[in-house]
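Understanding the architecture of this molecule
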Amino acid sequence: MGKRKRVLVKFSGEALAGSTGFGIDNSILKFIADEIKELVSHDIEVGIVIGGGNIIRGVSAARDGIIKRTSGDHMGMLATVINSIAMREALEHTGVDVRVQSAIKMEAICETFIVGRAQRHLEKGRVVIFAAGTGNPFFTTDTAATLRAIEINSDMIIKATKVDGVYDKDPAKFSDAVLLKTLSYKDAMQDDIKVMDDTSIALAQDNKLPILVCNMFKKGNLLSIINGDDDALYSIVK
Ligand code: UDP
């Protein structure tokens, strides 16, 4: 048997919120958990990073100067822990073995991030959710996801979004917008292309980590992308 594939899937916090844009919609949790279960049952090792934007973002919290940016970012990182616990519950509920590892020590709630321990969980077929971002203010969960993907030697990072991939122009405004199948890291850093922030892309580029952008709301999509199915819809930055 060949080496098992290992992937890191990044969801934004907003994805969990559903149409209201705030909080956590359990039916979405359940949908994602089922999609992840599919991957695990196909022998794929899965790490997950979830954002916190459905609860709070540092920049918005610090908007009027009452809350310091660093404190706002601490709040944002804690928001990702809330989402990670919710995701853990949904995964456990569907019968997936899962651990949460936080970049900020919270020993009554979850494990602390230790790369070797995370690797062992993955080797045993457990899903690992990496919470609390990088543990540092002024970073994003996209950067945290890229960092963790590199640390655990993931084959790719999958940025799971609401759209099918990266288009040459806004598909909501232009009917002739074309999905870009392949982009260079340099393309992805252009201002009008919103894949991930430049810090994440630079980190991925330096470590030759491919970034796949895809639609998370299409059933079976993650699995067919990872399997390399011909009709799988996504953009790849490499
Ligand atoms: N955050 C941080 N350091 C990190 C990751 C996240 O300070 O390494 C904070 C930051 O305030 C950010 C918030 O956590 O706004 C939530 O993360 P993000 O905005 O990336 O969530 P998403 O947009 O993916 O829901």
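Because the structure is a prediction, the values reported are computed rather than measured. (Residues numbered from 1 in each chain as written. Predicted model: local features only at pLDDT ≥ 70, side-chain atom pairs only at ≥ 80, totals over all residues. Heavy atoms only, no water.)

**So, the UniProt feature "binding site: ATP" (unreviewed entry) in the chain**
How we decide: UniProt positions are given in the numbering used here, feature names are shortened, and annotations may be inferred rather than shown by experiment. Only DSSP runs of H or I with at least four residues qualify as helices, and only runs of E with at least two residues qualify as strands; both kinds are numbered from the N terminus onward. Residues are treated as being in contact if the distance between any of their heavy atoms lies within 4.5 Å. As used in this structure description, the phrase polar contact means that two N or O atoms lie within 3.5 Å; if the pair is within protein, one of them must be able to donate a hydrogen and the other to accept it, and residues adjacent in sequence are counted only when both atoms belong to side chains. Summary of the burial criterion: residues with accessible area below 20% of their type's maximum are buried, those above 50% are exposed, and those between are partly exposed, where the area comes from a 1.4 Å probe applied to protein chains only.
Mapped onto this structure's residue numbering, the UniProt feature "binding site: ATP" (unreviewed entry) falls at Lys10, Phe11, Ser12, Gly13, Gly53, Arg57, Thr161, Tyr167 and Asp170. Taking the farthest pair of C-alpha atoms as the criterion, the annotated set spanning 161 residues is dispersed, since that pair is 26.3 Å apart. Relative to the assigned elements, Lys10 resides in strand E1 (residues 6-11). In contact with Lys10, other than residues within four places in its own chain, are Val49, Ile50, Gly51, Thr141, Asp142, Ala145, Ile158, Lys159 and Ala160. Of note is the side chain of Lys10, whose polar atom sits 2.6 Å from the side chain of Asp142. Along the chain, Gly53 falls in the loop between strand E2 (45-50) and helix H3 (58-61). A residue is classified by how much of its surface remains accessible, and Gly53, at 19% relative accessible area, is buried. Discounting residues that sit within four places of it in the chain, Gly53 has contacts with Gly13 and Glu14.

**Section: the pairing of strand E3 (residues 98-102)**
Selection rule: In this description, strands pair whenever DSSP reports at least two bridges between them.
Of all five residues in E3, four are buried; the element is thus mostly enclosed. Where E3 and strand E5 (residues 127-131) come together, five bridges link them in parallel fashion. Each residue of the ladder has a partner; that of Ser102, found in E5, is Ala131. When E3 meets strand E4 (residues 111-112), the two strands line up parallel, connected through two bridges. Across the sheet, Ser102 pairs through a bridge with Thr112, a residue of E4.

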